[in-house]
Amino acid sequence: MTGNTNCHSLFMAEAYSCYKDSVVFFLTVIALVSGKIQVAFFAYMSNNILISSLSANKTFVYDRVETNVGNGYDVTTGYFVAPEDGVYAFHVTTVVRDKSHCSVELVQNEEIKDIGWADAMDHPDRASASTFTILRVKAGDVIRVRVGQAKGGNLLESNLYARLSFSGFKIV
């Protein structure tokens, strides 16, 4: 946010940007004052994945990292390792296409915490599933996304139309 800009008087997209900048600034000030590490990440898959190439419990490795504040997400393993104790929020999006389906599990230290299932089994278009999960996490805990027990069909879609993604941030 610059100068004396009044966020209320802007159009929707401009107001979002204005408020977003204000929130980032506010969170940065809180982090600096509290001495706490800022933690936030967003990663996605750069390509579609053939479902036939997946085995149950295989970890998804999201290979494009847009944000990795605190360096908790490891692009080589697909693991998020918490840098400090706290309450975290995690979001996972899964997209399937052309008579496909896949369940996806959010796992904390090998314990399933949430499950999403994108299901386009009986129709030739795409379907998506998203989960949003709030967890109490200890420093060193491993959070990952893996293939669930139900899967079939052709492919998981991640391209210019839809993205497979994994993100998270520390709330407190």
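Here's what I pulled together on the structure shown here. (Residues numbered from 1 in each chain as written. Predicted model: local features only at pLDDT ≥ 70, side-chain atom pairs only at ≥ 80, totals over all residues. Heavy atoms only, no water.)

## Things to note about the side chain of glutamine 108
Examined against the element boundaries, glutamine 108 turns out to sit in strand β6 (residues 101-108). Overall, glutamine 108 belongs to the buried group, its relative accessible area being 7%. A polar side-chain atom of glutamine 108 sits 3.1 Å from the main-chain carbonyl oxygen of arginine 136. Within polar-contact distance, the side chain of glutamine 108 engages the side chain of aspartate 141 at 2.9 Å. Beyond its immediate sequence surroundings of up to four residues, glutamine 108 is in contact with Lys113, Leu135, Arg136, Val137, Asp141, Val142 and Ile143. (Helix = DSSP H or I, 4+ residues; strand = E, 2+ residues; numbered from the N terminus. Buried < 20%, exposed > 50% of the residue type's maximum accessible area, 1.4 Å probe, protein only. Polar contact = N/O pair within 3.5 Å; in protein donor to acceptor, adjacent residues only side chain to side chain. Contact = heavy atoms within 4.5 Å.)

## With respect to the nonpolar core
Membership of the largest hydrophobic core comes to 31 residues, with the highest contact counts inside it found for Phe60, Tyr62, Phe80, Phe90, Leu156 and Phe166. Mapped onto this core, the elements with two or more residues apiece are β1 (40-44), β5 (86-97), β6, β8 (126-137) and β9 (142-152). (Core = buried A, V, L, I, M, F, W, Y, C linked by side-chain atoms within 4.5 Å.)

## Notes on the environment of cysteine 102
Its location among the elements puts cysteine 102 in strand β6. Classification of cysteine 102 by relative accessible area gives buried; the value is 0%. For the pair cysteine 102 and glycine 152, spaced 50 residues apart in the sequence, the C-alpha separation amounts to 6.5 Å. Apart from residues lying up to four places away in sequence, cysteine 102 is in contact with Val96, Gly116, Trp117, Ala118, Val147, Ala150, Lys151 and Leu156.

## Some thoughts on empty space enclosed by the protein
Under the counting rule described, the total for this entry stands at one cavity of 30 Å³ or more. Taken together, Phe60, Tyr62, Thr93, Thr94, Val104, Leu156 and Leu164 form the lining of the largest cavity. (1 Å grid on protein atoms, 1.4 Å probe; cavity = no way out; pocket = protein on both sides within 12 Å on 5 of 7 lines; lining within 4 Å. Points joined across faces, edges and corners; volume = space filled by probe spheres on them.)

## What about the sheet that holds β9?
Hydrogen bonds along the backbone pair up the strands of a sheet, which may run parallel or antiparallel. Taken together, the four strands give an open sheet; going across it, the order is β4-β9-β6-β7, and neighbouring strands pair in antiparallel fashion. In this open sheet, the two edge strands, each paired with only one partner strand, are β4 (80-81) and β7 (111-119). Here β6 runs beside β9; their pairing, made up of seven bridges, is antiparallel. Counted as the bridge partner of cysteine 102 is lysine 151 from β9. (Pairing = 2+ DSSP bridges.)

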